[in-house]
Amino acid sequence: MTLFPLFELCKTLSVSRDDVTEVILSTYGEYGNRGILALVCNNGYLLLRQTSSITPKAVIKQIPWFKQSDKAIKVICFDSSASWLLVACADSSLYILPVLSYLGPAMKPSGPWRTDDLTEIKLQGQRGIPTSLCWWQTMCEKQIGIMGNEVGEICFINLKTRREIGGTYINTSVQSLHVLYNEKN
């Protein structure tokens, strides 16, 4: 019996040589012919790795993050175009990163947020530590961030206006959030 290899497994990225740095969070986004992997490491850095079917070499960028413990990254997610990365920190502040701008000067994402730096969104009031995050682009083109936390709060944030627009809660920690699209409705 002859076996035909369907794929080959190989290492494409190494985070550390000293066995101290660890990946603590990851997310992946695809759009068109490109895919972007975002990794949050315990050494305070965010790593971005972009691959494309057009160019054979991956682009890798290392971005330093805030050193304050209340700014530690707790959850991350991409928008539907994998152009922007939404980050929630321990203090429940949100940041929108222009991922494409970091990966190459010729690539500028379109949107109402800064393309040369972070866009910060500060929420009012005391909150639990974020545990889940997703980016929802509505049928009428609204950009909504949905964040769940350890005490069961779920809040909806209009990312364009940078304001909380609603919320609810459950009686347990929010473990994950997903937006499901139904093309019939």
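That block above? That's the structure.
Below: a short report on this structure. On a predicted model such as this, the values are computed, not experimentally measured, just so you know. (Residues numbered from 1 in each chain as written. Predicted model: local features only at pLDDT ≥ 70, side-chain atom pairs only at ≥ 80, totals over all residues. Heavy atoms only, no water.)

**Regarding the sheet that holds strand β4 (residues 59–64)**
For step 1, the next point in the chain: The four strands lie next to each other as β1-β2-β3-β4, forming an open sheet whose pairing is antiparallel. The strands lining the two open edges of the sheet, one partner per strand, are β1 (23–31) and β4. Averaged over neighbouring strand pairs, the angle between their axes works out to 15° when direction is ignored.
For step 2, the next point in the chain: Direction of pairing for β1 relative to strand β2 (residues 34–41): antiparallel, over a ladder of eight bridges. Pairing of glycine 29 across the sheet is with isoleucine 36, part of β2. (Pairing = 2+ DSSP bridges. Helix = DSSP H or I, 4+ residues; strand = E, 2+ residues; numbered from the N terminus. Axes fitted to C-alpha atoms, helices over the stretch in contact; angles between N-to-C directions.)

**Quick word on the nonpolar core**
For step 1, the next point in the chain: Ranked by size, the top nonpolar core spans 20 residues in total, and within it Trp65, Leu85, Val87 and Leu97 carry the most contacts.
For step 2, the next point in the chain: Among the elements of the structure, β2, β3 (45–52), β5 (73–78), β6 (84–89), β7 (94–98) and α1 (99–103) are those that each provide at least two residues to this core.
For step 3, the next point in the chain: Setting aside residues no more than four positions away along its own chain, leucine 85 makes contact with Thr27, Ala38, Leu46, Ile76, Cys77, Phe78, Tyr95, Ile96, Leu97 and Val99.
For step 4, the next point in the chain: Leu94, Leu123, Ile157 and Leu159 belong to the second largest nonpolar core, which has 16 residues in total. (Core = buried A, V, L, I, M, F, W, Y, C linked by side-chain atoms within 4.5 Å. Buried < 20%, exposed > 50% of the residue type's maximum accessible area, 1.4 Å probe, protein only. Contact = heavy atoms within 4.5 Å.)

**A few points about unusual backbone geometry**
For step 1, the next point in the chain: Its identity as a non-glycine residue notwithstanding, serine 92 has a phi of 70°, on the positive side.
For step 2, the next point in the chain: Here serine 92 is to be found in the loop between β6 and β7.

**Quick look at the sheet that holds strand β12 (residues 163–169)**
For step 1, the next point in the chain: Spatial strand order, β9-β10-β11-β12: four strands in an open sheet with antiparallel pairing. Of all the strands in the sheet, just β9 (130–137) and β12 have a single pairing partner and so form its edges. Recorded for the sheet is a direction-independent mean angle of 20° between the axes of neighbouring strands.
For step 2, the next point in the chain: With seven bridges connecting them, β9 and strand β10 (residues 143–149) associate as antiparallel partners. Looking at the pairing, glutamine 137 lines up with glutamine 143 of β10.

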